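Structural features, examined
Each chain is listed here by its residues.
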Amino acid sequence: MAKNESGLGTSMAGSWIESTIGPPTECPEDWTTESYRFGPYTIRLAQPRNPDGLLDDPTVQRASKATDYMPYWAFVWPGAPMLADRIASQPWPSGTRAVEIGCGLGLAGLVALAAGLNVTFSDYSPAALALAAHNARLNRFDQFATRIVDWQSPPREPFDVVLGADVLYERRCLPDVLRVLDAMLATGGVALLADPERAVADGFETLARNQGYVVRCEPAETRMDLKRVIRGRIFRVSRRPPL
């Protein structure tokens, strides 16, 4: 069964601050469901019909002024299909424990579930965790966990694999993500961080190496639909072996 470590209630509505859109279980007219193919896996993804409209939501605007909250969870960012493709393209040992950080709609974690990994979806936004859980169930998965994770004080819980798509979108995110890896990447584990070649992420490789990580930057691309090819990179990060 799904394991809830986030403190969320059983009702999706209890996870919501947005006032102009309701949860897909209660307001299906606000949502669309798309199907995406990654390697051998077909993933169905519920996503807001008009995610840009959330930026004008008065509740979101008040939360943004108070806490810098933004409904980033509502969008399929370019790195998500890129990371999903990479996950689908390689074999994974049975029992591999993975956490998706900044999961949003949960696309990468869903492909990881399809590939047989034991997945925890994590995000700072309760709405994101509610949506990731909804999308997992939409794809007939019931063995997964959700967890609120604050990048300023991440839990010390090691995972074999840390997955992150578009998590290096601001300069302040670079040390934040490394703080998460310090706490949540197991010795011998690997982090896969997908980035659509944002200039702000250029300094991540050097910063990570200076903090004792081994980093390999791998070119990546994916086709999200028939019209767009998305090019970028995957940072493959592991801990430096002890001397």
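Structural data are supplied above this passage.
First things first, this report covers the structure right here in the doc. The model shown is predicted, which means the values in this text are computed figures rather than measured ones. (Residues numbered from 1 in each chain as written. Predicted model: local features only at pLDDT ≥ 70, side-chain atom pairs only at ≥ 80, totals over all residues. Heavy atoms only, no water.)

Inspection of the entire model under this criterion finds zero disulfides. With no disulfide partner, C103 has as its closest neighbouring cysteine sulfur the one in C173, 15 Å distant. According to the relative accessible area criterion, C103 is buried, its value standing at 5%. C217 forms no disulfide, and the closest cysteine sulfur to it belongs to C173, at a distance of 17 Å. On the basis of relative accessibility, which here comes to 34%, the residue C217 falls in the partly exposed class. (Disulfide = S-S within 2.5 Å. Buried < 20%, exposed > 50% of the residue type's maximum accessible area, 1.4 Å probe, protein only.)

Let us look at the packing of helix 2 (residues 79–88) against helix 3 (residues 107–114). Two elements in contact, helix 2 and helix 3, have axes separated by 8 Å at closest approach and are oriented at 15°. As judged from the angle between their axes, helix 2 and helix 3 are roughly parallel. Where helix 2 crosses over helix 3, the two elements pack in a sense that is right-handed. The residues of helix 3 that touch helix 2, namely those facing A80, P81, L83, A84, I87 and A88, are L107, A108, V111 and A112. Taken together, the residues of the contact of helix 2 with helix 3 sort by class into 10 nonpolar, no polar and no charged. (Axes fitted to C-alpha atoms, helices over the stretch in contact; angles between N-to-C directions. Helix = DSSP H or I, 4+ residues; strand = E, 2+ residues; numbered from the N terminus. Parallel < 35°, antiparallel > 145°, perpendicular 65-115°, else oblique. Left-handed = near helix turned anticlockwise from the far one by under 90°. Contact = heavy atoms within 4.5 Å. Nonpolar A, V, L, I, M, F, W, Y, C, P; charged D, E, K, R; others polar.)

The next point concerns the pairing of strand 7 (residues 159–165). With six of seven residues buried, strand 7 is to be regarded as a mostly interior element. Summarising the sheet, strand 4 (residues 97–101) and strand 7 pair through four bridges and their orientation is parallel. Note that in strand 7 the partner of A98 across the bridge is V161. Pairing of strand 7 with strand 8 (residues 185–195), which is carried by six bridges, proceeds in the parallel orientation. Opposite V161, over in strand 8, you have V190 as the bridge partner. With helix 5 (residues 173–184) bridging strand 7 and its parallel neighbour strand 8, the resulting β-α-β unit is right-handed. (Pairing = 2+ DSSP bridges. Right-handed = clockwise from strand over helix to strand, strands pointing away.)

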